[in-house]
There are 2 protein chains.
Amino acid sequence: MAKEKLLVIPLGGLGEIGKNMTVFQYGEDIIVLDAGLSFPDDDMFGIDLVIPDMSYLIENKDKVKAVVITHGHEDHIGSLAYLLNEVNVPVYATKLVCGLIEGKLKENHITHYELNEVHHGDEFQIGAFKVGFIHTNHSIPDASAIFFKTPVGTVVHTGDFKIDQTPVDGLVMDIHKFAELGHRGVLLLMSDSTNAERPGYTESETIVGGAFRKAFTEAKGRIILATFASNISRIQQAINTAVQFKRKVAVFGRSMVNNVQIAIELGYLDVPQGVMIEPDEMNRYPADQILILTTGSQGEPMAGLSRMAANNHRSVSIILGDTVIISASPIPGNETSVGRTIDNLMKLGANVVAGKEKKIHVSGHASQEELKIMLNLVRPKFFIPVHGEYRMLKKHGEIAEMMGVKKDHILIGDNGQVFEFTNRSGKKAGHVNAGRVFVDGLGVGDVGNIVIRDRQQLAMEGMVIVVMTLAKGTCHPLAGPDIVSRGFVYVRDSEALMNEAHDKVAAVLERCEAGNIREWAVIKSQVRDTLSRYLFEKTRRRPMILPIIMEV
Amino acid sequence: MAKEKLLVIPLGGLGEIGKNMTVFQYGEDIIVLDAGLSFPDDDMFGIDLVIPDMSYLIENKDKVKAVVITHGHEDHIGSLAYLLNEVNVPVYATKLVCGLIEGKLKENHITHYELNEVHHGDEFQIGAFKVGFIHTNHSIPDASAIFFKTPVGTVVHTGDFKIDQTPVDGLVMDIHKFAELGHRGVLLLMSDSTNAERPGYTESETIVGGAFRKAFTEAKGRIILATFASNISRIQQAINTAVQFKRKVAVFGRSMVNNVQIAIELGYLDVPQGVMIEPDEMNRYPADQILILTTGSQGEPMAGLSRMAANNHRSVSIILGDTVIISASPIPGNETSVGRTIDNLMKLGANVVAGKEKKIHVSGHASQEELKIMLNLVRPKFFIPVHGEYRMLKKHGEIAEMMGVKKDHILIGDNGQVFEFTNRSGKKAGHVNAGRVFVDGLGVGDVGNIVIRDRQQLAMEGMVIVVMTLAKGTCHPLAGPDIVSRGFVYVRDSEALMNEAHDKVAAVLERCEAGNIREWAVIKSQVRDTLSRYLFEKTRRRPMILPIIMEV
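All figures in this text were calculated on a predicted structure; none of them were measured in a lab.

Rules and cut-offs
Residues numbered from 1 in each chain as written. Chains lettered and ligands numbered in written order. Predicted model: local features only at pLDDT ≥ 70, side-chain atom pairs only at ≥ 80, totals over all residues. Heavy atoms only, no water. Least-squares fit on C-alpha atoms with pLDDT ≥ 70 in both. Contact = heavy atoms within 4.5 Å. Buried area = accessible area lost by both parts, 1.4 Å probe. Polar contact = N/O pair within 3.5 Å; in protein donor to acceptor, adjacent residues only side chain to side chain. Helix = DSSP H or I, 4+ residues; strand = E, 2+ residues; numbered from the N terminus. Buried < 20%, exposed > 50% of the residue type's maximum accessible area, 1.4 Å probe, protein only. Pairing = 2+ DSSP bridges. Axes fitted to C-alpha atoms, helices over the stretch in contact; angles between N-to-C directions. Core = buried A, V, L, I, M, F, W, Y, C linked by side-chain atoms within 4.5 Å. Patch = residues over 30% accessible without salt bridge, like charges linked within 9 Å, V, L, I, M, F, W, Y side chains within 5 Å. Areas by Shrake-Rupley, 256 points an atom, 1.4 Å probe, with all protein chains shown as cover. Salt bridge = Lys/Arg side-chain N within 4 Å of Asp/Glu carboxyl O. Lys, Arg positive; Asp, Glu negative; His and termini not counted. Charge placed at Lys NZ, Arg CZ, Asp CG, Glu CD. Domains from an automatic or database assignment. Arc of directions from axis to C-beta. Left-handed = near helix turned anticlockwise from the far one by under 90°. Nonpolar A, V, L, I, M, F, W, Y, C, P; charged D, E, K, R; others polar. UniProt positions renumbered as here; feature names shortened; annotations may be inferred. Parallel < 35°, antiparallel > 145°, perpendicular 65-115°, else oblique.

Section: the relation of the copies chain A and chain B
Relating the two copies of this chain is a rotation about some axis coupled with a shift parallel to it.
Next, step 1: Once chain A has been moved 0.0 Å along the axis and rotated by 180 degrees, it coincides with chain B to within an RMSD of 0.1 Å. The relationship between the two copies is best expressed as a two-fold rotation axis.
Next, step 2: When the interface residues of chain A are mapped onto chain B, 100% of them are again interface residues, pointing to one common binding face.

Have a look at this one:
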């Protein structure tokens, strides 16, 4: 009989798409599943990356025994370097994932780590947990679901998955293993909710191959194909089509170059001899014998293209007759900028192939009917929908209920939620710290909400700085007040406004002097109030006002 | 025989969605068609509205004889107040449009203007132009296409349109008039390209009524329905459904209240006695007898809802059992924030009805088959696709070619393009000034690209200000250098960084003093360079650095 309770604590990925990280804790043992990052929202000005708040793991450092990784996407491995910096424990992942992780850690100058390659079908003990990896399909090869056999029962976490009956590498999902686990009894299923709102089935990745062949048939000049650097199967299909149409392939974009190299080395990408060429060899071939594979430095497919569209790509200029294939769907929120990029490519003379109807991109996540199959295979006692915004989690919960999971066994939570399980019960039990940590340049966590709020105000309204040098112990200005603004108004056109603002501040100083006010805080706040009121009245804007006093 | 050429000059709406404005010029006569605005892109920080650059009209003030307006949407009437401020000429529009324009001009404190109500079917002379209005369908009633009979031939401008065979107000498009003009010969057609990429037909507005009835049938508590304030037909259907289901209707949001009032007064909205209630009367009725109509103050459907979702709406709090109907599609680029709003509404206990599959919203713009009908009716000699981003214009051009317009008679241009026509020729002939003028608070055009660029840098990297008071004619600091930052780093956590930055600046001043450098510009640039290099090395960020020197 188990003495302890199993705690399941998502630190990322609930109520959001991205920065996936889940803690599994039994007694003195913690295993972390995935260590992802997310990219900043529009209003997180200047932020490069967002990673989960890992303070719970740092506080419980001694208990953490391992990190297990489901697959090699940034939203599952992107914060691993930050985690290992704080809590350096062994990492377990499949072959391709290990290759991608090694690249990441090297980039982050992490040299001491223990990375263990696992195979689908392996089972091994880590503390109180028996851990196993199950092969699934996703938009990157070598993806896994992971299960834990614990003293209170078996937990299955799907990772990101779809059920592809005809995957490009021929390796279908190991449905049998899910069936076997389900047959023996599963306490808890945690399943990918990204496409929970989408009816039906997600199309097979191989459908894209057909769309590529159609586009290649119609193309008269060069073909430039943009996709996610991590989508090795997509890249394989592009290369296959290039071989079929006798085109040479040149690869652009740091992530794409790295991933292609890793995938070839590890045997996940099959490229016949003589197909790949170096970028500078392109001019040796006629336009209709060239395929350019491109992505951004972070693997974002539009980044390279948008530089080509703006005519400032280092080595590729769009020429009349180019065909551009965008094999990706815009990241939500980016639709406008993707549209602008397409417009600019077309203005430069390119023919652009993009859009859902053309089947030039398919999703890597299971739709409703596949989610039902997973629930039906695993038949869990408890269900936690993961990887999704709230409405997706909720929808996935409704699907689970339809599939026979008891309503009060469906647990929907947010990041930091502690889910507590015995072999017969499951419930929510409080919260631990969880949230967003901003990465900006070299800084991790040094930009917080106050700095972001300042950036938002600066962005919207600009800044007015008032400097004055006062005679020691008085409000008598020896120099200034000088008023300088940035992001507020054209100074040239606003001389009268600025002159009057100056007079207002001078008047405040006179009043302070007359009233014998000496505290800088009081003087500053009066300057700020007076100027703020005046500028709002004249312009209906509220710039950040920053009074600076010096004393001589 | 015509002596002059007809010039057609779009000042807005080409290569973009929004701020529609087109100039028609023959000899000494100019007519302006529409005067719209657009809303700012994400990267136009702090901007409230964008209007067309009207300098061509201001320079040719004496020639401008009239403004004709196709319909009452912001992107067609929103810059009229700014135009009339500069060029006060008579305005011609249909009844409802006149009502909406009056409201707009009042808001902008414009009291002297000549507004002429026209009827569909009217034809009248303005200078060299005989002008006529043709009834069309769109997502607002009383919409028009406008034609000009000129000495070189007839021009038809569709405005925004769709062909709705079963419009809510029963008034189908006047297809006969287009046929008649086509039969007599049309020199030039300018047609709406918004949906040129969309195959098939746009659904009739009445389809939404069915979706409303389904949602009302399923709703147990209050219904909160969000839509565009201008979509009077949509509002009519909401009210009809409320009457059918015996619900009282309360209206929220400045634009919605105004538009409903204008539409009722002018006879465009039919509301039975006793259906409308004041917001404060809601508590007299049970939840299942309430319909709340809501929109934002600028008519944007999500604005009111997002306040409710964030629990800070002035008078409506979401309660368990509310049904929220979002009868609108997200403005491109807003998908993420709409998703967040839906999540928050659901967390508060609301059932949310939204999305394309539910037919809860239909477009107001013609799809490809309707565009073909228009081309087939009008059979123009020349064709200019308007109202759309470049790829939409291009697609519309291809459709026109399919419909028999000669390839070199299809003219695709951008804002400011001058199109020149005789009775037998049409070509592009140079550009006039055209572009975006930013409205920020009370300022029109005082925020330009430099200010926006500053705001972008401030948003991304923040600002570091260095102030110092130097002894007259030296580089010897009497006070300072003081370093203040905003939007850069948490000052509390970065004391060491700031101290070292201070020492770097002090060292620069010493070097300047030693080198006898006295020019403030040189000192500032050395401070800026040194600090910029140091901070980038330490943080990989490039804040705006602003050195300020005072002298005593």
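Next comes the rest of the description.
Looking at the interface of chain A and chain B
Next, step 1: Facing 61 residues of chain A, the contacting portion of chain B comprises 62 residues.
Next, step 2: Buried area between chain A and chain B, summed over both chains or domains, comes out near 5200 Å², and the portion from carbon and sulfur atoms is 63%.
Next, step 3: Inspection of the region where chain A meets chain B yields 17 residue pairs in polar contact (both at pLDDT 80 or more).
Next, step 4: Elements with a minimum of two residues in the side of chain A that touches chain B: helix 10 (335-347), helix 12 (390-402), helix 13 (449-461), strand 23 (463-470), strand 24 (477-486), helix 15 (520-539) and strand 25 (544-551) of chain A.
Next, step 5: With nine residues, helix 13 of chain A is the largest single contributor of residues to the side of chain A that touches chain B.

Thoughts on the environment of I58(B)
Residue and element names in this part refer to chain B.
Next, step 1: Take I58: it is sitting in helix 1 (residues 55-59).
Next, step 2: Residue classification places I58 among the partly exposed positions, given a relative accessible area of 36%.
Next, step 3: Sequence separation between I58 and E218 is 160 residues; the distance between their C-alpha atoms is 56 Å.

Observations regarding the sheet that holds strand 5 (residues 64-68) of chain B
Residue and element names in this part refer to chain B.
Next, step 1: With mixed pairing, eight strands are arranged side by side in an open sheet as 7-6-5-3-2-1-19-20. In this open sheet, the two edge strands, each paired with only one partner strand, are strand 7 (115-117) and strand 20 (426-431). Strand-to-strand twist of the sheet, defined as the mean angle between neighbouring strand axes without regard to direction, takes the value 25 degrees.
Next, step 2: Note: strand 3 (residues 29-33) against strand 5, four bridges, orientation parallel. Counterpart to I31 in the pairing with strand 5 is A66.

A closer look at the nonpolar core
Next, step 1: In this structure, V131(A), F148(A) and F421(A) are the most contacted members of the largest nonpolar core, which totals 79 residues.
Next, step 2: Counting 68 residues, the second largest nonpolar core, distinct from the first, contains M21(B), L83(B), V89(B) and V275(B).

Regarding a negative patch on the surface
Next, step 1: There is a patch of like negative charges on the surface, built from D42(A), D43(A), D42(B) and D43(B).
Next, step 2: Tracing the backbone shows D43(A) in the loop between strand 3 (29-33) and strand 4 (49-52).

Describing the pattern of salt bridges
Next, step 1: Enumeration according to the criterion identifies 52 salt bridges over all chains in this entry.
Next, step 2: For E123(B), the salt bridge goes to K177(B), with nearest N and O atoms at 3.3 Å. Here E123(B) is found in strand 8 (residues 123-126), whereas its partner K177(B) is found in helix 5 (residues 175-184), with 54 residues between them in sequence.
Next, step 3: Between R391(B) and E197(B) there is a salt bridge whose closest N-O contact spans 3.8 Å. Within this pair, whereas R391(B) is found in helix 12 (residues 390-402), its partner E197(B) is found in the loop between strand 12 (186-192) and helix 6 (206-218), the two being separated by 194 residues in sequence.
Next, step 4: Its relative accessible area of 13% is what places R391(B) among the buried residues.
Next, step 5: The network of salt bridges with common partners includes E123(A), K149(A), K177(A), E180(A) and R184(A).

Topic: the domain arrangement of chain A
The parts lose accessible area when they come together, and the size of an interface is often stated as this lost area.
Residues and elements named next belong to chain A.
Next, step 1: For chain A, the domain assignment lists domain 1 (6-200 + 363-444), domain 2 (206-358) and domain 3 (462-551).
Next, step 2: The gap between the C-alpha centroids of domain 1 and domain 2 is 31 Å.
Next, step 3: Counting residues at the interface gives 15 residues for domain 1, matched by 15 residues for domain 2.
Next, step 4: Carbon and sulfur atoms supply 60% of the area that domain 1 and domain 2 bury against each other, a total of about 1400 Å² over both sides.
Next, step 5: For the pair domain 1 and domain 2, the interface holds one salt bridge.
Next, step 6: The salt bridge involving E107 is made with R254; its shortest N-O contact spans 3.1 Å.
Next, step 7: With five residues, helix 4 (residues 95-107) is the single largest residue contributor to the side of domain 1 that touches domain 2.

Focus on helix 5 (residues 175-184) of chain A
Residue and element names in this part refer to chain A.
Next, step 1: Buried residues of helix 5: K177, F178, L181 and G182, and no others. Taken around the axis of helix 5, the buried residues stretch over an arc of 135 degrees, which confines them to a single face. Those residues of helix 5 that are exposed and angled more than 90 degrees off the buried face are H176, H183 and R184.
Next, step 2: Among the structural elements, strand 8 (123-126), strand 9 (129-136), strand 10 (143-150), strand 11 (153-157), strand 12 (186-192) and helix 11 (368-378) are those in contact with the buried residues of helix 5.
Next, step 3: Following helix 5 by one or two positions, G185 adopts a phi angle in the positive range, close to 110 degrees.

Thoughts on unusual backbone geometry
All names here are of chain B.
Next, step 1: Although it is not a glycine, D34 sits at a positive phi angle of roughly 70 degrees.
Next, step 2: With respect to the helices and strands, the residue D34 is situated in the loop between strand 3 and strand 4 (49-52).
Next, step 3: Judged by its relative accessible area of 1%, D34 falls in the buried class.
Next, step 4: You will see that R540, though not glycine, has its phi angle at about 60 degrees, which is positive.
Next, step 5: Examined against the element boundaries, R540 turns out to sit in the loop between helix 15 (520-539) and strand 25 (544-551).
Next, step 6: Given the relative accessible area of 44%, R540 is considered partly exposed.

Quick notes on the side chain of D142(B)
Residue and element names in this part refer to chain B.
Next, step 1: Along the chain, the position of D142 falls in the loop between strand 9 (129-136) and strand 10 (143-150).
Next, step 2: Although D142 is buried, it forms no salt bridge, and the closest oppositely charged side chain is K95 at an N-O distance of 7.7 Å.
Next, step 3: Excluding anything up to four places from it in sequence, D142 contacts T70, T94, K95, L96, V97, H120 and Y268.

A short note on the sheet that holds strand 18 (residues 380-386) of chain A
Residues and elements named next belong to chain A.
Next, step 1: The strand order 8-9-10-11-12-18 describes an open sheet built from six strands, whose pairing is mixed. Each of the sheet's edge strands pairs with one partner strand only, and the pair in question is strand 8 and strand 18. On average, adjacent strands in this sheet sit at an angle of 20 degrees to one another, irrespective of strand direction.
Next, step 2: Pairing analysis gives seven bridges linking strand 9 to strand 10, with the strands arranged antiparallel. Within the sheet, the bridge partner assigned to F133 lies in strand 10 and is I146.
Next, step 3: Taken strand by strand, helix 5 contacts strand 8, strand 9, strand 10, strand 11 and strand 12, and its axis lies near 140 degrees from that of strand 9.
Next, step 4: Most of the contacts of helix 11 go to strand 12, to which it runs at about 165 degrees, and overall it touches strand 11, strand 12 and strand 18.

Points about the packing of helix 6 (residues 206-218) of chain A against helix 7 (residues 232-244) of chain A
All names here are of chain A.
Next, step 1: Between helix 6 and helix 7, whose axes approach to 9 Å, the crossing angle comes to 35 degrees. Between helix 6 and helix 7 lies a crossing of right-handed hand. Residues T206, V208, G209, F212, R213 and F216 of helix 6 lie in contact with helix 7, whose contacting residues are R234, Q237, A238, T241, A242 and Q244.
Next, step 2: Taken together, the residues of the contact of helix 6 with helix 7 sort by class into five nonpolar, five polar and two charged.

What to know about the UniProt feature "binding site: Zn(2+)" (unreviewed entry) in chain A
Residues and elements named next belong to chain A.
Next, step 1: With numbering matched to this structure, UniProt assigns "binding site: Zn(2+)" (unreviewed entry) to H71, H73, D75, H76, H138, D160 and H387. Judged by maximum C-alpha separation, these annotated positions cover 317 residues in sequence but sit close together in space, the widest gap being only 13.9 Å.
Next, step 2: With respect to the helices, strands and loops of the structure, D75 is situated in helix 2 (residues 74-77).
Next, step 3: Those residues in contact with D75 that sit more than four places away from it in its chain are G18, K19, N20, G36, L37 and D160.
Next, step 4: Tracing the chain through its elements places H387 in the loop between strand 18 and helix 12.
Next, step 5: Looking at H387, the relative accessible area reads 5%, which means it is buried.

Some remarks on the packing of helix 13 of chain A against helix 13 (residues 449-461) of chain B
When two helices pack together, you describe them by how their axes are tilted relative to each other and by the distance separating the axes.
Next, step 1: The contact between helix 13 of chain A and helix 13 of chain B brings their axes to 8 Å, and the two run at 175 degrees. Comparing the axis directions of helix 13 of chain A and helix 13 of chain B gives the class roughly antiparallel. On helix 13 of chain B, the residues that touch R455(A), L458(A), A459(A), M460(A) and E461(A) of helix 13 of chain A are R455(B), L458(B), A459(B), M460(B) and E461(B).
Next, step 2: Of the residues assigned to the contact of helix 13 of chain A with helix 13 of chain B, the class counts are six nonpolar, no polar and four charged.

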